[in-house]
Amino acid sequence: MAKIIVVTSGKGGVGKTTTTAALGAALAQAGQNVCVVDFDVGLRNLDLIMGAERRVVYDLINVVQGDAKLPQALIRDKRLDTLSLLPASQTRDKDALTDDGVARVIGELREKFDWVICDSPAGIERGATLAM
């Protein structure tokens, strides 16, 4: 069962996304099976940092709402075989995330990976609390 880390802060621009990507890559380089999850719906950046922005087909909201299965939305890193990304939606509203849906997706991730690292949006609103 995976260990879960949430990288969060009340302020934007402090390095949450960079920290999430770097920590995920370091753990993957150490041989761990890692998934990084972007919870910053509407302002996603984790896919950009990881160089996967052109590979996003399905995202976290698609999986939460049942429009896609988790394996369809996961993007495997091209450099590190043991690093995967679950991107956030750029066009949907964060209100599309539900407590039950997020819990279900995190439960699935816990069974597939050694580490799940969540990139939280800034602030203390719903997106951040769902990530936590």
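Residues numbered from 1 in each chain as written. Predicted model: local features only at pLDDT ≥ 70, side-chain atom pairs only at ≥ 80, totals over all residues. Heavy atoms only, no water.

**As for the overall build of the protein chain**
1) Next: Within the protein chain, the regular secondary structure consists of six helices and five strands.
2) Next: Of the regular secondary structure in the protein chain, the N- to C-terminal order runs β-α-β-α-α-α-β-β-α-β-α.
3) Next: Taking 14 Å as the expected radius of gyration for a compact globule of 132 residues, we find that the protein chain reaches 13 Å, a close match to that expectation.
4) Next: Oriented by its inertia axes, the alpha-carbon framework of the protein chain measures out at about 35 × 30 × 30 Å.
5) Next: For the protein chain, the proportion of its 132 residues judged to be buried stands at 47%.
6) Next: For the protein chain, the proportion of contacts with a sequence separation of at least 24, taken over those separated by at least 6, is 74%.
7) Next: As presented, the protein chain carries roughly 6,700 Å² of accessible surface, and 49% of it is formed by carbon and sulfur atoms. (Helix = DSSP H or I, 4+ residues; strand = E, 2+ residues; numbered from the N terminus. Rg over C-alpha atoms; globule rule 2.2 N^0.38 Å. Buried < 20%, exposed > 50% of the residue type's maximum accessible area, 1.4 Å probe, protein only. Contact = heavy atoms within 4.5 Å. Areas by Shrake-Rupley, 256 points an atom, 1.4 Å probe, with all protein chains shown as cover.)

**Overview of the pattern of salt bridges**
1) Next: Taken as a whole and assessed by the stated rule, the structure comprises three salt bridges.
2) Next: A salt bridge links arginine 44 to aspartate 47; its shortest N-O distance comes to 3.0 Å.
3) Next: Taking the relative accessible area as the measure of exposure, arginine 44 reaches 16% and is therefore buried.
4) Next: Residue aspartate 47 is classed as buried on the basis of its relative accessible area, which comes to 1%.
5) Next: Between arginine 79 and aspartate 77 there is a salt bridge, and its shortest N-O distance comes to 3.0 Å.
6) Next: Given a relative accessible area of 8%, aspartate 77 falls into the buried group. (Salt bridge = Lys/Arg side-chain N within 4 Å of Asp/Glu carboxyl O.)

**Quick word on the nonpolar core**
1) Next: Grouped together as the largest cluster of nonpolar side chains are 25 residues, with contacts concentrated most on Val37, Phe39, Leu86, Leu97 and Leu109.
2) Next: Where this core is concerned, the elements lending two or more residues are strand E2 (34–38), helix H3 (60–64), helix H4 (70–73), helix H5 (99–112), strand E5 (115–119) and helix H6 (126–131).
3) Next: Those residues in contact with valine 37 that lie beyond four places of it in its chain are Leu46, Leu60, Leu86, Leu109, Val116, Ile117, Cys118 and Asp119.
4) Next: Listed in part, the 15 residues of the second largest apolar core include Leu46, Met50, Leu80 and Trp115. (Core = buried A, V, L, I, M, F, W, Y, C linked by side-chain atoms within 4.5 Å.)

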